[in-house]
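# Geometric and topological summary
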Amino acid sequence: METNIIIKQKDKIKTKKPKHYKVIMYNDDYTTMEFVIYVLMNIFNKKIESANKIMLNVHKKGVGIAGVYPYDIAATKVSIAMNMAKEEGFPFKLTIEEE
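### Some thoughts on the packing of helix α1 (residues 33-42) against helix α3 (residues 71-88)
Where α1 meets α3, the closest approach of the two axes is 11 Å, and the angle between their N-to-C directions is 150 degrees. Accordingly, the angle class assigned to the pair α1 and α3 is roughly antiparallel. Remark: the crossing between α1 and α3 carries right-handed chirality. From α1, F35, Y38 and V39 reach across to α3, where they touch A81, M84, A85 and E88. A class-by-class count of the residues in the contact of α1 with α3 yields six nonpolar, no polar and one charged.

Here is the structure:
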């Protein structure tokens, strides 16, 4: 007599939320306030009021947070912004820091 044994295995898959990263803007003496606002509105999708507030933070305190994103999105936005700045002749600096 043949016996068939069936074993059911349930694997629990744990998903983790992706780490988030801050995009930090730094003040310099050359990049215009208008350019910083343009970048904030067009790359980081900020409304004018928020863009002005972040820009003034960067201007007065030396740094400001443009946004918090998963790493790939943060890196892409930084790359686009720094390439735009380079094209315009600005030494605009942004970095990514884990939140």
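### Some details on the packing of aromatic side chains
Applying the stated rule across the entire model yields four aromatic pairs. Judged by centre distance (5.2 Å) and plane angle (75 degrees), the ring pair of Y21 and Y71 falls under edge-to-face. Linking Y21 in strand β1 (residues 20-26) with Y71 in helix α3, this pair joins segments that are 50 residues apart in sequence. Using a relative accessible area of 43% as the deciding quantity, one classes Y71 as partly exposed. Seen in terms of ring centroids, F35 and F90 are 5.0 Å apart; in terms of plane orientation they differ by 45 degrees. Their pairing is tilted. One end of the pair, F35, is in helix α1; the other, F90, is in the loop between α3 and β3 (93-98), with 55 residues separating them in the sequence. The rings of F35, F90 and F92 are connected pair by pair, giving a single aromatic cluster. It is K93 that lies over the ring of Y26; its NZ or CZ is 5.0 Å from the centre.

Parameters at a glance
- Residues numbered from 1 in each chain as written.
- Predicted model: local features only at pLDDT ≥ 70, side-chain atom pairs only at ≥ 80, totals over all residues.
- Heavy atoms only, no water.
- Axes fitted to C-alpha atoms, helices over the stretch in contact; angles between N-to-C directions.
- Helix = DSSP H or I, 4+ residues; strand = E, 2+ residues; numbered from the N terminus.
- Parallel < 35°, antiparallel > 145°, perpendicular 65-115°, else oblique.
- Left-handed = near helix turned anticlockwise from the far one by under 90°.
- Contact = heavy atoms within 4.5 Å.
- Nonpolar A, V, L, I, M, F, W, Y, C, P; charged D, E, K, R; others polar.
- Phe/Tyr/Trp six-rings, centres within 6.5 Å; stacked < 30°, edge-to-face > 60°.
- Buried < 20%, exposed > 50% of the residue type's maximum accessible area, 1.4 Å probe, protein only.
- Lys NZ or Arg CZ within 6 Å of the ring centre and 35° of its normal.

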